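# Working through the structure, step by step
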Amino acid sequence: PATSTKTTIYKTTMADLADEAASLDGYFSDAPLEPEPKYPPLNESFDRCVIITNLPKVPEAKYEKLGKVVLKLVSRIGPLANYEGSDFSGFFMPFDKEAGATVGCAFIEYETAGDAKKAIEVLEEYKFDKNHALHVLPHERASHLADVEEEEFKQPEPEPFKEQPNTMSWLEDSCQRDQFAIRHGKETAVFWNDGREEPVLDYDGAREKEAGVAWCEYYVQWSPKGSYFATLVPNRGVILWGGDNFQKLQRFAAPGVDFVVFSPQENYMMTNNNNRNDPHAIKVFSIQTGKCLRAFPLYPSNFLDEKLSEQEKSNIPPPPFQWSHDDKYLARMGKDLISVFDVPTMKLLDKRSLACDGICEFQFSPKANIIAYWAPEHKNQPANVNVIELPSRKSLRQKNLFNVTKCSLVWQENGEYLGVKVTRHTKSKKTLYNNLELFRVNEPGIPVEMLDVKDAVMAFSWEPQGSRFAIIHAENPTSTKVNVTFYDMFRMSEPEKKKGKKKSTGKELIAEVNKVETLEGKQCNCIFWSPAGRTIILAALGDSASGTLEFYDCDNKSLVIKEHYRANQVLWDPSGRTLATTVSQPIGGGHFKFAMDNGYIVWSFQGKQISQQSFETFYQFQWRPREKLFNKKETAEVSKNLKKYEKQFNAFDEAKKRKLRLEETRGKRKNRSAFRATLARLKEIRSNMKQERMALLNGYDSEDESNFTTKEVTIETILSSKEELVY
């Protein structure tokens, strides 16, 4: 019965289907059905995928926790890929069941290729924990590694040792001379200078001239310690030279390079092509490896206000990068922040910038990892100067200022003092006046002293190795006659005499700003301290200035006045023995306005002219820097015992003078030796002919003294006479 029932149902169903098919007859098309589904294009590039290696290897119990940490880290870069109907969420971390732990890597897929590229840049060498620094590579690179055949590792043979040029060999010069480089026309030359005689040519690119190559096509730049000499070739980049004969050391690809900046310890070099449209306008290189560590655009993001016109944007200079004194940090100002990068990883310090509302300028200390910056009045907050310590970001000192128009920060060379020239305005903003805020950075709490100046301050400069500073000021900023005033950060105090004591214990230094003296009625607009201190140059520079140079000794109060017409630069050599004044014009400037005046003059620190050279086109003059090896205490000790070294220096000077004297009289000595040789030869010939001569004279020897009679005759001659009457 059950089988009969099933058969009946089956027949009924088939009958119903047949009736339905008959009712739909003619409804369907007779065209054959060939479905062609439209699938999305297959992406085989895997450019959105990256592989993170060097992750910790954890057991199954910690798998989920590690996955959450890694997923949170990679999600900060950008959203991960997400596929509907699939469990894959853009993150996969393999687990080895046999080993019972993860394999130390993870596969990541982002929504865009840009995020994947950014992940490689940001997460490379990222400190995941104390023992693990992440390594990130694109999937394409990993696929190539998969095709590498497994072979037994063979230790590669080391390349034969090649001795590198000694970049410090110039410091071994027996005459303790300095060097300088000049650029004029198509020529580049390096000279020796001893501060007494005419400079002597060291190298002028003769090797490159023979090869038909230009040694330099643009500007040149010495490194801070003088180890490297950089020549700029805009079409190719930067080339470093060094050693005895300026051998080629390294080449850095930086097309269109406009200028370079070395780090203080000569470990890194930064190039800039000043191209606003180039996202890699600024490049940071490692000098040792030649590798580009990172590239930056000319302006940081959001630095320029979008509301400004293109003309207004072009008038805003790009914020410069600044190095810390020990090459650990590289910093640049942004909008309301300072971005501090850790070198050589070039990652943001602590993964965040230093917040500085309204910042206008910042400066690194020359001797410590300290940043000083100032910001104007911003969001109901007064203007302020801040001193920040790195890497702790601790605020060491903050000084609030009111009614501020502008500030200028000036560090002393040893980083002991910070001077802030403050330009202030009255409430009506119609009158401007100046004052100086002086920070004693090395003292506890960094005390600040304010120095009021009634006049307008046009220039401010610290003495490099001392506590003095000088300012140029005048009642009217456009005045041709100005005053130069010298101050000291310490005051000498006479101790009080106590009853019953005849002698005082001695003078005492008090930390108080002290006015030393004022030089009135000077025609100068710039001041230049000697690197050795004590001597200062009061110069009137520029096309409209007189070119007056006043050599002033601050200790002896002596003044020597010289002139270099149309001079636009004053450059001290590193030792402070000599200085150069130049009339130069920029490369590519077209018309040379004062071609007859172009050139340089080298002076001694006492104002004596040593050398002068003129060129039709003169571009650049640069002294070769040298590292200062002595601190203030050691320098004072040498000065105290200078007489001990006098004999050595005097002997060297005498030997040098004797060498020059012998060089000058070489021709005379050669002629004298030739004359004496001829005279000796003639005497020998005469001696050989003696027997023949005596035979001709019947045996008489004219050279025998016994054949002559000697008589002495005295003749008196009165040269003058004088008569005097004696009473």
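Anyway, here's the lowdown on the structure attached to this text. Being a predicted model, the structure only gives us computed values, none of them experimental.

Secondary structure summary: the protein chain contains 10 helices and 45 strands in total. Computed over C-alpha atoms, the radius of gyration of the protein chain comes to 42 Å, more than 25% over the 27 Å expected from 2.2 N^0.38 for 727 residues, which places it beyond the range of a compact globule. Judged by the C-alpha coordinates and their principal axes, the protein chain covers about 190 × 95 × 60 Å. For the protein chain, with 727 residues in total, the buried portion stands at 38%. For the protein chain, restricting intrachain contacts to residue pairs at least 6 apart in sequence, the fraction spanning at least 24 positions comes to 47%. Element-wise, carbon and sulfur atoms account for 51% of the exposed surface of the protein chain, whose accessible area totals about 47000 Å². With 100 positive and 102 negative side-chain charges, the protein chain shows a separation of 9 Å between the mean positions of the two kinds.

Across all of its chains, the model carries 29 salt bridges by this definition. Across the pair R468 and E463 runs a salt bridge whose closest N-O atoms are separated by 2.9 Å. Under the relative-accessibility criterion, R468 is labelled buried at 15%. Note on E463: relative accessible area 7%, which makes it buried. Several salt bridges share partner residues, and in doing so they unite E463, R468, R534, D553 and D555 into one network.

Among the nonpolar cores identified, the biggest contains 31 residues, and I338, V340 and F362 are the most heavily contacted of them. Examining the composition of this core, we find that 4 residues originate from one element, strand 19 (residues 329-334), more than from any other. Ranked by size, the runner-up nonpolar core spans 22 residues in total, among them L66, V70, A116 and L123.

Spatially, 4 strands are ordered 31-32-33-36 in an open sheet, and the strand pairing comes out antiparallel. Each edge of the open sheet is held by one strand with a lone partner, namely strand 31 (456-462) and strand 36 (514-522). Between one strand axis and the next, the sheet turns through 20° on average, direction left out of account. As defined by bridge partners, strand 31 adjoins strand 32 (residues 468-474) across 6 bridges and the pair is classed as antiparallel. Residue pairing in the sheet places S461 in a bridge with A470 of strand 32.

Attention now goes to unusual backbone geometry. Here V343 and P344 are connected by a cis peptide whose omega angle stands at 10°. Among the secondary structure elements, P344 is positioned in the loop between strand 20 (337-342) and strand 21 (347-348). For K351, which is not glycine, the phi dihedral falls at a positive 65°. Within the secondary structure, K351 sits in the loop between strand 21 and strand 22 (354-355). For K351, a relative accessible area of 56% translates into the label exposed.

What follows concerns the pairing of strand 5 (residues 105-109). Taken residue by residue, a regular strand's side chains alternate between the two faces of the sheet. Most of strand 5 is tucked away: 4 of the 5 residues are buried. In the sheet, strand 1 (residues 49-53) pairs with strand 5 via 5 bridges, with the strands oriented antiparallel. Counted as the bridge partner of V50 is I108 from strand 5.

Here we take up the sheet that holds strand 9 (residues 200-203). What the 4 strands build is an open sheet, ordered 9-8-7-45; its pairing is antiparallel. If you trace the sheet from one side to the other, it starts and ends with strand 9 and strand 45 (618-623), each paired once. Between one strand and the next, the sheet's axes are offset by a mean angle of 30°, whatever the strand orientation. The pairing of strand 8 (residues 187-193) with strand 9 spans 3 bridges and is antiparallel. Its bridge partner being in strand 9, F191 is matched across the sheet by L201.

Quick look at a nonpolar patch on the surface now. Where nonpolar side chains cluster on the molecular surface, the patch consists of L696, L697, Y700 and F708 and spans about 420 Å² of accessible area. Note on placement: L697 falls in the segment after helix 10 (690-696).

Summed over all chains, the structure comprises 34 aromatic pairs. Between the aromatic rings of F229 and F246, the centroid separation amounts to 5.9 Å while the plane-to-plane angle is 75°, which identifies the pairing as edge-to-face. In this pair, F229 is assigned in strand 11 (residues 229-233) and F246 in the loop between strand 12 (237-242) and strand 13 (247-253), connecting sequence segments 17 residues apart. Neither F229 nor F246 differs from the other in exposure class; each is buried. Centroid distance Y417 to W462: 5.4 Å. Interplanar angle 15°. Geometry classified as stacked. Within this pair, whereas Y417 is found in strand 28 (residues 417-425), its partner W462 is found in strand 31, the two being separated by 45 residues in sequence. Each member of the pair, Y417 as well as W462, is classed as buried. Three or more aromatic residues joined by ring pairs form one cluster here, namely F180, F191, Y600, F615, F618, F621 and W623.

Turning our eyes to something else, we now look at the side chain of D115. Considering the arrangement of structural elements, one finds D115 in helix 3 (residues 113-123). What D115 contacts, discounting residues up to four positions off in sequence, is I77, G78, P79 and Y110.

Quick notes on the rules
Residues numbered from 1 in each chain as written. Predicted model: local features only at pLDDT ≥ 70, side-chain atom pairs only at ≥ 80, totals over all residues. Heavy atoms only, no water. Helix = DSSP H or I, 4+ residues; strand = E, 2+ residues; numbered from the N terminus. Rg over C-alpha atoms; globule rule 2.2 N^0.38 Å. Buried < 20%, exposed > 50% of the residue type's maximum accessible area, 1.4 Å probe, protein only. Contact = heavy atoms within 4.5 Å. Areas by Shrake-Rupley, 256 points an atom, 1.4 Å probe, with all protein chains shown as cover. Lys, Arg positive; Asp, Glu negative; His and termini not counted. Charge placed at Lys NZ, Arg CZ, Asp CG, Glu CD. Salt bridge = Lys/Arg side-chain N within 4 Å of Asp/Glu carboxyl O. Core = buried A, V, L, I, M, F, W, Y, C linked by side-chain atoms within 4.5 Å. Pairing = 2+ DSSP bridges. Axes fitted to C-alpha atoms, helices over the stretch in contact; angles between N-to-C directions. Patch = residues over 30% accessible without salt bridge, like charges linked within 9 Å, V, L, I, M, F, W, Y side chains within 5 Å. Phe/Tyr/Trp six-rings, centres within 6.5 Å; stacked < 30°, edge-to-face > 60°.

Shape is all these values report; function is a separate question.
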